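Spelled out, the chains give:
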Amino acid sequence: MTAKSSSPIPPVNNQFTTTTHIIIMKVLTINGSPNHSGCISRALQELEKTLVECGIEVERIDIGKKDIRGCIACNFCREHGHCVFNDIVNEVAPKFAEADALVVGTPTYYAGSNGQVLSFLDRLFYSTSGQFDKTMKVGAAVISSRRAGSTSALDEINKYFTICSMPIASSTYWNEVHGFTAEDVEKDLEGLQTMRNLARNISFMVKAFKAQAQKEGIPKQERGIYTSFYG
Ligand SMILES: Cc1cc2nc3c(=O)[nH]c(=O)nc-3n(C[C@H](O)[C@H](O)[C@H](O)COP(=O)(O)O)c2cc1C
């Protein structure tokens, strides 16, 4: 099949032009590991390099050693539009609002995501839930483990995306690498391949979604019905 000008996929790799301006796609990557140059970092590096090759702009944020406390359910954010704790969560929120995709990397701790990442995501998603629409922003989890428990962590991260109409990007294996150090991950050739394919899939999705959004807007989400079985 030959490409036609009506194709929803933009002809230029990273951008497409509307009558008035050029649109650049942006992906925000989060390294949730306390190891700045560890396994998650190596996995994200492979993904980021491929995204850039696809013409996507990338910004990485390290949260692994930040002082991030959990959500205290005070609902300050409902009134003020940002979390009561003025830390990295409030710094990332506007970047998330701007991004076309969010990639969250976490090492596996006791067969789940690390606590740091969960505290960060609880507060990021909750405090921004009334602030901007996440519909059709692409979400992807990237997990590293020495040996086991990675798929539970993957499930945990994906649930943040699937409660707010964010389609999940997948790859040719679950989005994971294996190792205890970045050098181990270097030898996990399939893991790195999975990251490259994940990046290409994210690139395709954000370009296709943006093109469709330009034509028809993002799908309207019905709101207002909360069935909690009380009262
Ligand atoms: C507190 C803690 C718990 C861990 N639990 C697991 C686990 O359940 N399964 C596993 O395979 N690796 C476990 N690991 C190892 C790390 O998940 C693994 O080495 C990971 O790839 C490290 O990534 P990083 O270098 O980006 O921090 C654990 C490490 C720590 C510090």
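What you are looking at is a predicted structure, and each value in this text was computed from that prediction instead of being measured. (Residues numbered from 1 in each chain as written. Predicted model: local features only at pLDDT ≥ 70, side-chain atom pairs only at ≥ 80, totals over all residues.)

**Considering the pairing of strand β4 (residues 57–62)**
Selection rule: Two strands pair under a simple rule: DSSP has to find at least two bridges between them. Secondary structure elements are taken from DSSP: a helix is a run of H or I of four residues or more, a strand is a run of E of two residues or more, and numbering for both begins at the N terminus.
Sheet topology places strand β3 (residues 26–31) next to β4; six bridges connect them, and they run parallel. In the strand pairing of β4, V27 is matched with V58.

**Description of the site of the ligand**
Defined as follows: Nearness here has a simple definition: the residue's C-beta atom, placed using the backbone, must lie within 6 Å of the molecule or strand. Each residue gets one of three labels, nonpolar for Ala, Val, Leu, Ile, Met, Phe, Trp, Tyr, Cys and Pro, charged for Asp, Glu, Lys and Arg, and polar for the others, Gly among them.
Near the ligand lie 18 residues; those nearest to it are S33, G38, P107, S144 and S145. Breaking the shell around the ligand down by element, the ones donating at least two residues are α1 (39–53), β5 (101–109) and β7 (138–145). Sorting elements by how many residues they give to the shell around the ligand places β5 first, with three residues. For the shell around the ligand, a count of residues per class yields eight nonpolar, eight polar and two charged.

**Some remarks on α1**
Counted only if it meets this: Multiplying 1.5 Å by the helix residue count minus one yields the expected span of that helix. Buried, partly exposed and exposed are defined by the number of other C-beta atoms within 10 Å of a residue's own C-beta, namely 20 or more, between the two limits, and 12 or fewer respectively, with C-beta atoms placed from the backbone.
Over its 15 residues, α1 runs 22 Å from end to end, which matches the ideal 21 Å to within 8%, given 1.5 Å per residue. Within α1, 11 of the 15 residues are buried, leaving the element largely enclosed by the surrounding structure. Every buried residue of α1 is accounted for by C39, I40, S41, R42, A43, L44, E46, L47, E48, T50 and L51.

**Section: helix α3 (residues 88–98)**
Put simply, the test is: For this quantity, the arc is that covered by the directions from the helix axis to the C-beta atoms.
Along α3, the positions that sit buried rather than exposed are V89, V92 and A93. For α3, the buried positions fall inside an angular range of 120 degrees around the axis, keeping them on one side. For α3, the exposed residues set more than 90 degrees away from the buried face come down to E91 and E98.

**Details of the packing of α1 against helix α7 (residues 189–216)**
We apply this condition: Note on geometry: axes are lines fitted to C-alpha atoms, helical ones only across the stretch in contact, with angles between N-to-C directions running from 0 to 180 degrees. In these notes the angle categories are as follows: under 35 degrees is roughly parallel, over 145 is roughly antiparallel, 65 to 115 is roughly perpendicular, and the rest is oblique. Should the near helix be turned anticlockwise from the far one by less than a right angle, the crossing is left-handed, and should it be turned clockwise, the crossing is right-handed. By the convention adopted here, residues make contact when the C-beta atoms placed from their backbones lie within 7 Å.
The contact between α1 and α7 brings their axes to 8 Å, and the two run at 40 degrees. Judged by the inter-axis angle, α1 sits oblique to α7. At the point where α1 passes α7, the crossing takes the right-handed sense. Each of A43, E46, L47, T50 and L51 in α1 lies in contact with α7, whose residues at this interface are G191, L192, M195, R196, L198, A199, R200, I202 and S203. Among the residues making up the contact of α1 with α7, the classes are represented as eight nonpolar, three polar and three charged.

**As for the environment of R196**
Its location among the elements puts R196 in helix α7. Contacts of R196, omitting those with residues within four sequence positions, involve E46 and T50.

**Observations concerning unusual backbone geometry**
Phi is positive for Y110, close to 45 degrees, though the residue is something other than glycine. The topology assignment puts Y110 in the loop between β5 and β6 (112–113). In this model, A111 sits at a positive phi of 60 degrees, which is unusual for a non-glycine residue.

**Description of the pairing of β7**
Within β7, eight of the eight residues are buried, leaving the element largely enclosed by the surrounding structure. Neither face of β7 is open: one carries V138, A140, V142 and S144, the other G139, A141, I143 and S145, and all of them are buried. Taken together, the seven bridges between β5 and β7 define a ladder with parallel strand orientation. Paired with G105 across the two strands is V142, which belongs to β7. Looking at chain direction, β7 and strand β8 (residues 176–178) are connected through three bridges and run parallel. Within β8, the residue paired with S144 across the bridge is V177.

**Regarding the packing of α3 against helix α4 (residues 115–127)**
At a minimum axis separation of 10 Å, α3 and α4 run at an interaxial angle of 55 degrees. The orientation of α3 relative to α4 falls into the category oblique. Crossing of α3 against α4: the hand is right-handed. For the pair formed by α3 and α4, the contact residues are V89, V92, A93 and F96 on the first element and F120, R123, L124 and S127 on the second. Looking at side-chain class alone, the contact of α3 with α4 contains six nonpolar, one polar and one charged residues.

**Let's talk about the environment of T151**
Topologically, T151 is positioned in helix α5 (residues 150–162). Using a count of 15 C-beta atoms within 10 Å as the deciding quantity, one classes T151 as partly exposed.

Everything listed here is a matter of geometry and, on its own, says nothing about what the molecule does.
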